[in-house]
Amino acid sequence: MPLSAAIKSSLSVAVRADAKGLVGFANTGYNGIAVLKQTYWTSFYMKGEYGGTVVLRLTGTDSGTVYGSRNLTVKSTGGKWTQYETSFEASESHVAENEWQLLFDAATARGHPLHFGLVQLFPPTYKNRTNGLRDDIARPIADLKPKFLRFPGGNNMCVAGQADRPGDWHYPNTDALGLDEYLWWCEDMDMVPLLSVWDGKSYGGIVSGEDLQPYLDDIKDELEVSLPLTLLSHPLQSYLTPNTNEQYLLGAPSTPFGALRARNGHPAPWPIQYIEIGNEDDYSGGCDTYPDRLVQIYDTIHASYPNLTLIANNMDENCLPEIPLPGLWHDYHYYRSADDLVAMFDYWDNHDRGNRVLVGEYGCRNDSNPDGVFWSFMQGSCAEAVHMIGLERNSDVVMMAAYAPLLQHFGYTQWSVWICPADRGEEQPTLFGFDSRPNSLTLSTSYYINRMFSMNQGSTVHKVHSTVGFGPLYWVATSNETAHQVKLANYGAANQTVNIRVPGVGRGVLEMISGPKDASNLPGDIKIVPVSRNIKAGKEGYTVHMPPWGVAVLVVIFK
């Protein structure tokens, strides 16, 4: 008997006749388990004849050191699954090679195979969310003050085959986040959710025309009942038959599936405003059929939800319908070398002001070593700042923008060494990374620049009167109800001095990051961080000395 209709696999453990003492099984995580001085929660389902003690513990794989443990009394039977859960305190391990163990008495279990399913171990989660994000990794994301989350993200939408729905980047992908978890993430970090839906294109083939109809129904189900894509709160619950008149994501709690959403912890409808249709058809052979598939999906969603903003997954005219679809945004992805990204500084200046854009993925490639591992470096991060200044100057057209990729486990570094297909040729560093060692979290130079820009956003972009043109110094000026913000980037090898005058008088704060052209923050070796200081206006205004490859934000607080 499987654990549930959704979880059909379990672990069966048989004890040898000569076994003595404690026996069991272990999980070594992803190149080890990070064990810190904190409380761990663990849970598992068990079936089989066993009554007695189960020992749960975190230990060093090589040393055998026990960092935390709990003895749990269980009474398991062969007729049904029983869930057990507990928590325990752990001390910190100074190495990555750690594992979670579940042990039981060999004599008691001998002759009775034991079965285990849905085994879970969680450290503290962000805002204590069940099945939530690892707190120490989530906090740097929250510190960016992100405005939106595009999910399930990139090539999770372009799977290897039509029946194969995991991610497509050849690294372990647990998909442990479901639809509700992504939306809780948005709510906990005050982000706007941007939901992506599959458009029929995968690397295993393309579904179009009448054959796309079942997937159109899936999209309606996701919006209206969501059951095919979201595990219910209890893994033993069975899936219910979808009923498109009853709404899960967007329905009132008085509807049957709105009531289910409420039981899952969210009485109010999820605030879905934006839906992207597919991912990168322009890069992966989908152009011929995408216009028709886009129209099919657009019409399906728009008929029921005319107020939702729908987004095409590219802006290539060859991949889009000849007749524009009303209100449609377009997503554009690009990864460039440092010089090429700077050359795109004014890319959006002459864009059709009525055609709104999502820059869903951008970043600077580090192509300095074609055979090596690639990290964000100061010149590249400065190039990103130049480009971000260009985006901010055109924020009437570029409605959302996101650096990608976001996270990297250093043990699975194909983002840094992976070579894309020849038509893209990208080697793209990640915003920040980590592994299972303590204090391994490494924030890149690009991370710090993104944080500087995100933390200092204005609501109005101002025209700037300048005595020089752009290059090597670039800038944008904004304001909100309390302050003026001036962002600066020096994309060059010489020092630059700039005098800045803003309306009125206020308290000035200058935050700056700079470093040698090729310098990087490497795993466990963070050397380049922003520095903030107060700054006063002189006769020429606020004088800012910009070092080579420097990025700065001047904030003048007038309220």
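Structural data are supplied above this passage.
Note that this is a predicted model, so its numbers are computed, not measured.

*Asks:* Pulling in residues and values, what's your account of the sheet that holds strand 23 (residues 483-490)?
*Replies:* Ordered in space as 21-22-23-28-25-26, the six strands form an open sheet in which the pairing is antiparallel. The strands lining the two open edges of the sheet, one partner per strand, are strand 21 (460-462) and strand 26 (531-535). Going from strand to strand, the sheet's axes swing by 20 degrees on average, the running direction of each strand aside. Sheet topology note: the strand 22 (residues 473-479)/strand 23 ladder contains seven bridges and is antiparallel. Within strand 23, the position partnered with Tyr 474 by the bridge is Ala 489.

*Asks:* Hey, could you go over the layout of surface pockets for me, with residue numbers and the actual values?
*Replies:* Each pocket or cavity is described by its volume, and for the second largest pocket that value is around 650 Å³. Taken together, 27 residues make up the lining of the second largest pocket; nearest its centre are Val 464, His 465, Asn 499, Ile 500 and Arg 501. Mapped onto the lining of the second largest pocket, the elements with two or more residues apiece are strand 22, strand 23 and strand 24 (496-500). No other element matches the five residues that strand 24 contributes to the lining of the second largest pocket.

*Asks:* Provide a residue-level description of the side chain of Arg 293, including the pertinent values.
*Replies:* One can find Arg 293 in helix 6 (residues 290-304). A distance of 3.0 Å separates polar atoms of two side chains, one belonging to Arg 293 and the other to Thr 289.

*Asks:* How would you summarise the pattern of salt bridges if you had to cite specific residues and measurements?
*Replies:* Counted by the stated rule, this structure contains 16 salt bridges. Arg 134 serves as the salt-bridge partner of Asp 136, at 2.8 Å between the closest nitrogen and oxygen. A salt bridge links Asp 135 to Arg 139, with the shortest nitrogen-to-oxygen separation between them at 2.8 Å. Highlighted residues: Asp 135 and Arg 139, both in helix 2 (residues 135-143), separated by four residues, approximately one helical turn. Judged by its relative accessible area of 16%, Asp 135 falls in the buried class. Arg 139 sits in the partly exposed class, given a relative accessible area of 47%. One salt-bridge network, in which partners are shared between bridges, spans Arg 150, Glu 276, Asp 331 and Glu 361.

*Asks:* Any details on empty space enclosed by the protein? Residues and values, ideally.
*Replies:* Inspection of every chain in the model, using the stated rule, returns three cavities of 30 Å³ or more. Its volume calculated, the second largest cavity comes out at about 70 Å³.

*Asks:* Which residues make up helix 4 (residues 213-224), and what values do they have?
*Replies:* An α-helical turn contains 3.6 residues, so any two residues separated by three or four positions project in the same direction. Its 12 residues place the ends of helix 4 16 Å apart at the C-alpha level, agreeing with the 16 Å of an ideal helix rising 1.5 Å per residue. Of all the residues in helix 4, the buried ones are Leu 216, Ile 219, Asp 221, Glu 222, Leu 223 and Glu 224. On the buried face of helix 4, the contacting elements are helix 3 (179-188), strand 10 (192-197), strand 13 (274-277) and helix 6.

*Asks:* I'd like to hear about the sheet that holds strand 1 (residues 11-13), residue by residue, with values.
*Replies:* Spatial ordering of the open sheet is given by 1-8-3-6, a layout of four strands whose pairing is antiparallel. Looking along the sheet, the strands with just one partner apiece sit at the ends: strand 1 and strand 6 (82-90). Neighbour-to-neighbour, the strand axes of this sheet turn through a mean angle of 35 degrees, independent of strand direction. Strand direction decides the pairing type here: strand 3 (residues 38-47) and strand 6, joined by nine bridges, are antiparallel. Looking across to strand 6, one finds that Met 46 is bridged to Thr 82.

*Asks:* So, the pairing of strand 9 (residues 148-151): which residues are in play, and what are the values?
*Replies:* Side-chain alternation along strand 9 places Phe 148 and Arg 150 on one buried face and Leu 149 and Phe 151 on a second face that is also buried. Sheet topology note: the strand 9/strand 10 ladder contains four bridges and is parallel. Within strand 10, the position partnered with Phe 151 by the bridge is Leu 195.

*Asks:* Describe the state of the cysteines, and please don't skip the residues or the numbers.
*Replies:* A complete count under the given rule lists one disulfide for this structure. Paired by a disulfide, Cys 287 and Cys 319 hold their sulfur atoms 1.6 Å apart. A residue pair is termed long-range when its members are at least 10 positions apart, and Cys 287 in the loop between strand 13 and helix 6 and Cys 319 in the loop between strand 14 (309-312) and strand 15 (329-336) qualify at 32 residues. Not part of a disulfide, Cys 364 finds its nearest cysteine sulfur in Cys 382, a span of 9.9 Å.

*Asks:* I'd like a description of the packing of aromatic side chains, backed by residues and values.
*Replies:* Following the criterion strictly, the structure yields 26 aromatic pairs and no others. Considering the side-chain rings of Phe 25 and Trp 100, the 6.0 Å spacing of their centres and the 55 degrees angle between planes classify their relative orientation as tilted. With Phe 25 in strand 2 (residues 22-27) and Trp 100 in strand 7 (residues 98-105), this residue pair connects regions lying 75 residues apart in the sequence. What makes Phe 25 buried here is its relative accessible area of 16%. Residue class for Trp 100 comes out buried when judged on its relative accessible area of 3%. Linked through ring pairs, Phe 25, Phe 44, Tyr 50, Tyr 84, Trp 100, Phe 104 and Phe 116 together constitute an aromatic cluster.

Rules of the game
- Residues numbered from 1 in each chain as written.
- Predicted model: local features only at pLDDT ≥ 70, side-chain atom pairs only at ≥ 80, totals over all residues.
- Heavy atoms only, no water.
- Pairing = 2+ DSSP bridges.
- Helix = DSSP H or I, 4+ residues; strand = E, 2+ residues; numbered from the N terminus.
- Axes fitted to C-alpha atoms, helices over the stretch in contact; angles between N-to-C directions.
- 1 Å grid on protein atoms, 1.4 Å probe; cavity = no way out; pocket = protein on both sides within 12 Å on 5 of 7 lines; lining within 4 Å.
- Points joined across faces, edges and corners; volume = space filled by probe spheres on them.
- Polar contact = N/O pair within 3.5 Å; in protein donor to acceptor, adjacent residues only side chain to side chain.
- Salt bridge = Lys/Arg side-chain N within 4 Å of Asp/Glu carboxyl O.
- Buried < 20%, exposed > 50% of the residue type's maximum accessible area, 1.4 Å probe, protein only.
- Expected span 1.5 Å × (residues − 1).
- Contact = heavy atoms within 4.5 Å.
- Disulfide = S-S within 2.5 Å.
- Phe/Tyr/Trp six-rings, centres within 6.5 Å; stacked < 30°, edge-to-face > 60°.

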